[in-house]
Amino acid sequence: MLIYVLGIYIVEFSTGFLLEQITGKCPWEYTSGWHIMGYIRLDYFPSWLAFAYIGMNLDRLIASHHSAGSDWATFLYESAQLNYVAILLLGGIIIRNTF
């Protein structure tokens, strides 16, 4: 799970940095809390960790039901493979707007 959170932080930092380099402004500019250059907030770590835990276990649940031949799980398993980025973005929106 720590690797997932590290990956989330790397993507968030890189995206914020590139957006600021390209457009001159990052859509999220953290000025409070423990932040690194305004791109990521380290105090969001517990929330990202919980999000990674839930996502990982949900993926395992869907994959196991998919292997067992459940139609609903097969649909979710096949469509979710392309939607992980959307799930991460939704998680980021929820976490940022909650705290």
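Placed above this text is the structure.
Residue indices follow the written sequence of each chain, beginning from 1 at its first position. It should be noted that, the model being predicted, local features are given only for residues of pLDDT at least 70 and side-chain atom pairs only at 80 or more, the latter also being counted only at that level, while totals for whole chains, interfaces and linings use all residues. Side-chain numbers come from the whole structure's heavy atoms, not from hydrogens or water.

## Overview of the overall build of the protein
From N to C terminus, the protein includes four helices and two strands. Numbering of helices and strands starts at the N terminus; helices are DSSP runs of H or I of at least 4 residues and strands are runs of E of at least 2. Going residue by residue from the N terminus, the α and β elements of the protein occur as α-β-β-α-α-α. Residue-level accessible areas treat just the shown protein chains as cover; the underlying method is Shrake-Rupley with a 1.4 Å probe. For the protein, the computed accessible surface area is about 6,900 Å², with 70% contributed by carbon and sulfur atoms.

## Considerations on the nonpolar core
By nonpolar core is meant a set of buried Ala, Val, Leu, Ile, Met, Phe, Trp, Tyr and Cys residues that side-chain atoms within 4.5 Å join together. Exposure categories follow from relative accessible area, calculated using a 1.4 Å probe and restricted to protein chains: below 20% of the type maximum is buried, above 50% is exposed, and the middle band is partly exposed. Within the largest apolar cluster, eleven residues are counted, these being Val5, Ile8, Tyr9, Cys26, Trp28, Tyr30, Tyr39, Ile40, Tyr44, Trp48 and Ala52. For this core, the secondary structure elements donating two or more residues are helix 1 (2–23) and helix 2 (45–67). With three residues, the top contributor of residues to this core is helix 1.

## With respect to helix 2
In a helix, the anticipated span is given by 1.5 Å times the number of residues less one. Taking 1.5 Å per residue, 23 residues should reach 33 Å; helix 2 reaches 33 Å between its end C-alpha atoms and fits that length. Here helix 2 has its buried residues at Ser47, Trp48, Ala52, Met56 and Ile62. Positive backbone phi, approximately 95°, marks Gly69, located one or two places after helix 2.

## Quick notes on the pattern of salt bridges
Criterion for a salt bridge: a side-chain nitrogen of Lys or Arg within 4 Å of a carboxyl oxygen of Asp or Glu. The final tally for this structure, using the stated rule, is two salt bridges. The closest approach of N and O atoms between Arg41 and Asp43, which form a salt bridge, is 2.4 Å. On the basis of relative accessibility, which here comes to 12%, the residue Arg41 falls in the buried class.

## Topic: the environment of His65
By the secondary structure assignment, His65 is in helix 2. Excluding residues that lie within four positions of it along the chain, His65 makes contacts with Ser70, Trp72 and Ala73. Whether two residues are in contact is decided by their heavy atoms: any pair within 4.5 Å suffices.

## Side note on unusual backbone geometry
At Met37, a residue that is not glycine, the phi angle is positive and equals roughly 55°. Mapped onto the elements, Met37 comes out in the loop between strand 1 (35–36) and strand 2 (40–41). Overall, Met37 belongs to the exposed group, its relative accessible area being 56%.

## Digging into the packing of aromatic side chains
Between the rings of Phe, Tyr and Trp (Trp by its six-membered ring), a pair exists once the centres lie within 6.5 Å; its type follows the angle of the planes, with under 30 degrees stacked, over 60 edge-to-face, and the other angles tilted. Taken as a whole and assessed by the stated rule, the structure comprises five aromatic pairs. Here Tyr30 and Tyr44 contribute two aromatic rings whose centre-to-centre distance is 5.8 Å and whose plane-to-plane angle is 85°, an arrangement assigned as edge-to-face. Of this pair, Tyr30 sits in the loop between helix 1 and strand 1 while Tyr44 sits in the loop between strand 2 and helix 2; the two residues are 14 residues apart in sequence, bridging distant segments of the chain. Between Trp48 and Phe51 the ring centres are 5.8 Å apart and the planes differ by 80°, which places this aromatic pair in the edge-to-face class. Within this pair, Trp48 and its partner Phe51 are both found in helix 2, separated by three residues, close to a single helical turn. Three or more aromatic residues joined by ring pairs make a cluster, and in this case those are Phe13, Phe17 and Tyr39.

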